[in-house]
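Coordinate inspection notes
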Amino acid sequence: MASHLPPLLLIGCGQMGGALFRAWEQNSLAPSVVIDRHKDSIAAPHSLVRSIDEIPKKFAPDAIILAVKPGKAAETIITLVKKRPDLLANAPVIISVMAGCTTTSLTSAFANAITGVTPAVVRAMPNTPSAVGRGMTGLFADTDVGAEKKELSDLLFSAAGTTVWVDEEDQINALTAISGSGPAYVFLLAELLEKAAIEQGLPQQAARLLARKTLTGAGELLDQMPEDAAQLRRNVTSPGGTTAAAIEILNAPENWPASVSEAVAAAVRRARELAA
Ligand SMILES: NC(=O)C1=CN([C@@H]2O[C@H](COP(=O)(O)OP(=O)(O)OC[C@H]3O[C@@H](n4cnc5c(N)ncnc54)[C@H](O)[C@@H]3O)[C@@H](O)[C@H]2O)C=CC1
Ligand SMILES: O=C(O)[C@@H]1CCC=N1
């Protein structure tokens, strides 16, 4: 089968890198290399190595994906460039999924490590549903990044779900708070619904099933139906009925409307702090 996706070097295969790699593997990824000392194995034809020193000679990736924790970004880039400058010879696009690592800081980490080379850097903010092809990724590139590199970046993240490009880098911080962190808000709701079900006397297993299937079913409706979320909510809410009793509490201005806005604002603040 012809490869749909070109060879990649993935640095960091934890929760996010692993989710993306799973999607890419399922989209006929050309033989690629993953660096992560905490991963046990990776399926052929790809190679797992434990450090930059072990990247096979003559490997020429079209994209290098940085998916380590933000605090390790500079050290990782400097080690990569000092030990294997040849990996940049074919001008691969550098894609960072790291929260709060700006294109300026990434570009200058490369510039500090190697003179005369300014790689094209794209920032991506994916989310973990990428593992099942249902990711949502926001992308940003400076105006000097060529169309071909942007198209390749889009191809990679489209293989893991849906993509959207933003024009200003700071918008990546807002996007991180909505779709990057967002799955955690949904999982928290699943936890809380399950707990409430148990409090109302339901057995644990049934409580878990009800909470999970309600969230995934509602998510699927959101995905498939043309109506907006407010209309889908109204479709469940009979006047004077049970849903109305619950929504009156949740949707009181001081409850969910305030909490969700405050939570998102806190995440945006944190993204900006990481970038400072
Ligand atoms: N977890 C998430 O939902 C999302 C995470 N991100 C970003 O993804 C990045 C990684 O986050 P997670 O996957 O959650 O963390 P993680 O801790 O699960 O994964 C990081 C991986 O990097 C590996 N690693 C550390 N140093 C390394 C090195 N020098 N070379 C190669 N591998 C190395 C670790 O062994 C680990 O498996 C972060 O920068 C985060 O901001 C972005 C969007 C969503
Ligand atoms: O929590 C974090 O910092 C990362 C970025 C978005 C999701 N996880």
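The rules behind the values
- Residues numbered from 1 in each chain as written.
- Chains lettered and ligands numbered in written order.
- Predicted model: local features only at pLDDT ≥ 70, side-chain atom pairs only at ≥ 80, totals over all residues.
- Heavy atoms only, no water.
- Near = heavy atom within 4 Å.
- Polar contact = N/O pair within 3.5 Å; in protein donor to acceptor, adjacent residues only side chain to side chain.
- Areas by Shrake-Rupley, 256 points an atom, 1.4 Å probe, with all protein chains shown as cover.
- Pairing = 2+ DSSP bridges.
- Helix = DSSP H or I, 4+ residues; strand = E, 2+ residues; numbered from the N terminus.
- Axes fitted to C-alpha atoms, helices over the stretch in contact; angles between N-to-C directions.
- Buried < 20%, exposed > 50% of the residue type's maximum accessible area, 1.4 Å probe, protein only.
- Right-handed = clockwise from strand over helix to strand, strands pointing away.
- Core = buried A, V, L, I, M, F, W, Y, C linked by side-chain atoms within 4.5 Å.
- Contact = heavy atoms within 4.5 Å.
- Domains from an automatic or database assignment.
- Buried area = accessible area lost by both parts, 1.4 Å probe.
- Salt bridge = Lys/Arg side-chain N within 4 Å of Asp/Glu carboxyl O.

It is worth spelling out the site of ligand 1 at this point. Taken together, the neighbourhood of ligand 1 is formed by 21 residues, with Q15, M16, D36, H38 and V68 sitting nearest. At 2.6 Å, a side-chain N or O of D36 approaches an oxygen atom of ligand 1. At a separation of 3.1 Å, an oxygen atom of ligand 1 approaches a polar side-chain atom of K69. Relative to its unbound accessible surface of 820 Å², ligand 1 loses 80% to contact with the protein.

Our focus in this paragraph is the sheet that holds strand β8 (residues 161-165). Taken together, the 8 strands give an open sheet; going across it, the order is β3-β2-β1-β4-β5-β6-β7-β8, and neighbouring strands pair in mixed fashion. Unpaired on one side and paired on the other, β3 (47-49) and β8 mark the two borders of the sheet. Neighbour-to-neighbour, the strand axes of the sheet open up by a mean angle of 20°, direction not taken into account. In this sheet, β3 lies alongside strand β2 (residues 33-35) in parallel orientation, the contact comprising 3 bridges.

So, about the pairing of strand β6 (residues 121-125). Along a regular strand, successive side chains alternate from one face of the sheet to the other. Of all 5 residues that make up β6, 5 are buried, and the element is covered over most of its length. Residues V121, R123 and M125 line one face of β6 and the alternating positions V122 and A124 line the opposite face, and both faces are buried. Where strand β5 (residues 93-96) lies against β6, 3 bridges are found, and the strand directions are parallel. Across the sheet, the residue bridging to I94 is V121, located in β6. For the crossover that starts at β5, traverses helix α3 (residues 103-113) and ends in the parallel β6, the hand is right-handed. Bridge analysis of β6 against strand β7 (residues 135-141) gives 4 bridges, and the strand direction is antiparallel.

Here we come to the nonpolar core. Among soluble globular proteins, nonpolar side chains are generally buried collectively. Core analysis: the largest hydrophobic core is formed by 31 residues, its most contacted members being W24, I95, L156 and F157. Taken together, the elements giving at least two residues each to this core come down to β1 (8-11), α1 (15-25), β4 (63-66), β5, β6, β7 and α4 (147-158). Looking at this core element by element, the count peaks at 6 residues for α1. Every residue in contact with L156, bar those within four places of it in the chain, is listed here: L5, L8, W24, A63, I65 and I95. Ranked by size, the runner-up nonpolar core spans 25 residues in total, among them L87, L106, F110 and I114.

The next thing to look at is the domain arrangement of the protein. Along its sequence, the protein is carved into domain 1 (8-172) and domain 2 (182-275). Placing the centre of domain 1 and that of domain 2 at their C-alpha centroids yields a distance of 33 Å. Taken together, the 8 residues of domain 1 in the interface contact 8 residues of domain 2. Summed over both sides, the interface between domain 1 and domain 2 buries roughly 570 Å², with carbon and sulfur atoms accounting for 51% of that surface. When the buried surface of domain 1 facing domain 2 is broken down by residue, G100, R134 and D170 rank first, second and third, together holding 57% of it. Counting across the interface, domain 1 meets domain 2 through 3 salt bridges. On inspection of domain 1 and its partner domain 2, the count reaches 4 residue pairs in polar contact (both at pLDDT 80 or more).

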